[in-house]
Amino acid sequence: MNHFQWTLKALLGLCTVLILLSGPGCSSVRRFDPTPEGEFEEAFYYYEDGEYTKSIEKFKDLIYKYPGSALVEQARYYLADAYYLSRDYILASSEFELLNREFPQGQFSDVALFKAGLAYASMGRRVERDQSESKKAMDTFQNLLTKYPNTEYADTVRDHLGLIQDKMAQKEYKTALFYYEAQMYDSAIIYLKSVISNYSESKVMAPTLYYLYLASRSMGYPDDAQDALAWLCRDYPQSPQAVEVCGELEEKEQPLTGEPQQEEESQLRGAMKDKKG
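Residues numbered from 1 in each chain as written. Predicted model: local features only at pLDDT ≥ 70, side-chain atom pairs only at ≥ 80, totals over all residues. Heavy atoms only, no water.

Focus: the pattern of salt bridges
Okay, step 1: With the rule as written, the count across this model stands at ten salt bridges.
Okay, step 2: Across the pair Arg76 and Glu102 runs a salt bridge, and its minimum N-O distance is 3.2 Å. Residue Arg76 is located in helix 4 (residues 72-85), and its partner Glu102 is located in helix 5 (residues 89-102); the two are separated by 26 residues in the primary sequence.
Okay, step 3: By relative accessible area, which is 10% here, Arg76 ends up buried.
Okay, step 4: For Arg158, the salt bridge goes to Asp155, with nearest N and O atoms at 3.6 Å. Pair noted here: Arg158 and Asp155 are both in helix 8 (residues 154-181), with a separation of three residues, about one helical turn. (Salt bridge = Lys/Arg side-chain N within 4 Å of Asp/Glu carboxyl O. Helix = DSSP H or I, 4+ residues; strand = E, 2+ residues; numbered from the N terminus. Buried < 20%, exposed > 50% of the residue type's maximum accessible area, 1.4 Å probe, protein only.)

What follows is the structure, encoded as structure tokens:
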């Protein structure tokens, strides 16, 4: 038996096995009806099979050919999700947001914004780099909670928001620290106050208040320094920064808030001497 005959015999044997396992027709191909339902079924078939490039093509065709079909909402969701699963986060976020705009009260309205936020978050860069995508993710998640406060994704969204806000805060804090170490205290103060204004629940609040206190004191802003110190010692008393500066103040018997400042105390002492004289 030559090589060709052996190969042919092997193929015939394989076909026989496949016929026994899957029914008649070794080379049978799945057929789909040329209707909106049939074309959706075909696109979804490729989606479930992980063939996202094919499913994207089919879902786009369906949306274009049948714009008034009741299947468009589902098609647009799975189109966006196919982009997401293939890690094309730019197109995924765009399609999910488009789905929400076209069907703001539809069955995918909240999950569309949820996955748009996830897509933006997936494009986020390291803390040292530009955080535009993280900002878009944060805005999208906040928009979701505003539009759909009872969404089933609320708790998960808040967890993601916390992580993103910490990342954004770290970016601002590290920028402030750069300026502080360069003795550019006014610039440092701008970024430190941005952390306090925008990310007051972040994990860098204690060091932010600490450096705001130091920078403000270096610039001769006693009121700002005192406010930052009072906040630090009141809300973060166990932080290393509070232990350092609040402890020093106690040793020097310097009050945090609500007591006369040193200049006022000096004036009072002078007034008392005048009375005695």
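Next comes the rest of the description.
Side note on the confidence of the model for the chain
Okay, step 1: Per-residue confidence for the chain averages 83 on the pLDDT scale, and 79% of its residues sit at or above 70.
Okay, step 2: Here residues 264-277 is a poorly scored stretch, pLDDT under 50, and it has two contacts once near neighbours within four places are set aside; other chains count. (pLDDT = per-residue confidence, 0-100. Contact = heavy atoms within 4.5 Å.)

A few points about the state of the cysteines
A disulfide bridge is the covalent bond that connects two cysteines by way of their sulfur atoms.
Okay, step 1: Going through the model one piece at a time under the given rule, you end up with one disulfide.
Okay, step 2: Two residues, Cys233 and Cys246, share a disulfide whose sulfurs are 1.7 Å apart. On the sign convention where negative is left-handed, the bridge of Cys233 and Cys246, at about -100° about the S-S bond, is left-handed. Linking Cys233 in helix 11 (residues 222-235) with Cys246 in helix 12 (residues 240-252), this pair joins segments that are 13 residues apart in sequence.
Okay, step 3: On the accessibility criterion, Cys246 (11% relative accessible area) is buried. (Disulfide = S-S within 2.5 Å.)

Focus: the side chain of Ser194
Okay, step 1: Residue placement: Ser194 occurs in helix 9 (residues 185-198).
Okay, step 2: Leave out the neighbours within four places in its chain, and Ser194 touches Glu172 and Tyr199.

Topic: the packing of aromatic side chains
Describing an aromatic ring pair means giving the distance of the ring centres and the angle of the ring planes.
Okay, step 1: Enumeration according to the criterion identifies 22 aromatic pairs in this entry.
Okay, step 2: Pairing Phe59 with Tyr78 gives two aromatic rings, centres 6.2 Å apart and planes at 20°, and the pair type is stacked. Taken together, the positions of Phe59 in helix 3 (residues 52-65) and Tyr78 in helix 4 put the pair 19 residues apart, joining distant regions of the chain.
Okay, step 3: Looking at Phe59, the relative accessible area reads 0%, which means it is buried.
Okay, step 4: According to the relative accessible area criterion, Tyr78 is buried, its value standing at 18%.
Okay, step 5: Taking 5.5 Å as the distance between ring centres and 65° as the angle between the ring planes, the aromatic pair formed by Tyr84 and Tyr89 counts as edge-to-face. Pair check on accessibility: Tyr84 and Tyr89 agree, each one buried.
Okay, step 6: Each member of the aromatic cluster is reached from another via a ring pair, and the members are Phe40, Phe44, Tyr47, Tyr52, Phe59, Tyr77, Tyr78, Phe96 and Phe108. (Phe/Tyr/Trp six-rings, centres within 6.5 Å; stacked < 30°, edge-to-face > 60°.)

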